[in-house]
Amino acid sequence: RVAAVHGDTSLYEAIQAALEKSATPAARSNLIGTLGQFREAALVDRALAYSLTDKLNSTEFLAVVGGVSGHPDIGSRAVDWIITHFDAIKAKAPT
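Residues numbered from 1 in each chain as written. Predicted model: local features only at pLDDT ≥ 70, side-chain atom pairs only at ≥ 80, totals over all residues. Heavy atoms only, no water.

Our next topic: the nonpolar core. Judged by nonpolar contacts, the single largest core of 22 residues is most densely connected at Tyr 12, Leu 19, Leu 35, Phe 38, Leu 48, Leu 56 and Val 64. Listed by contribution, the elements that provide at least two residues to this core are helix H2 (9–21), helix H3 (25–35), helix H4 (41–51), helix H5 (62–69) and helix H6 (75–84). Counting residues per element, this core draws most heavily on H4, which supplies five residues. Setting aside residues up to four positions removed in sequence, Phe 38 forms contacts with Ala 4, Gly 7, Asp 8, Leu 11, Tyr 12, Ile 15, Leu 43, Val 44 and Ile 74. (Core = buried A, V, L, I, M, F, W, Y, C linked by side-chain atoms within 4.5 Å. Buried < 20%, exposed > 50% of the residue type's maximum accessible area, 1.4 Å probe, protein only. Helix = DSSP H or I, 4+ residues; strand = E, 2+ residues; numbered from the N terminus. Contact = heavy atoms within 4.5 Å.)

A rise of 1.5 Å per residue sets the reference length of H2, with its 13 residues, at 18 Å; its end C-alpha atoms lie 18 Å apart and thus fit the reference within 8%. Those residues of H2 lying buried are Tyr 12, Ile 15, Gln 16 and Leu 19. Across the axial projection of H2, the buried residues extend over an arc of 95°, all falling on one side. As for H2, its buried residues are in contact with H3 and H4. (Expected span 1.5 Å × (residues − 1). Arc of directions from axis to C-beta.)

With that out of the way, let us pick up the environment of Ala 18. The residue Ala 18 is located in helix H2 in this model. Between the alpha carbons of Ala 18 and Thr 34 there is a distance of 11 Å; along the sequence they are 16 residues apart.

All we've got here are geometric facts, nothing functional implied.
So this is what it looks like as structure tokens:
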């Protein structure tokens, strides 16, 4: 996860690919959490968009936005994303 803070596009893509091949819940959780640790704006946007795809289930996707929102330098980006994508988040979230 620490590497993601300063990670680039190739690291992001490697993590996403590993996640899509991951079979165990523990590995998935770790990789999903890592997606929320990137700090480059374009990669943050990619991670947030990815969280709403069918690649992450209704109990996994909020870990990405949680990771993004936990950092003061980009936390407001997560808030803006939540407001903009509220309907999609509501539809995906467990009831």
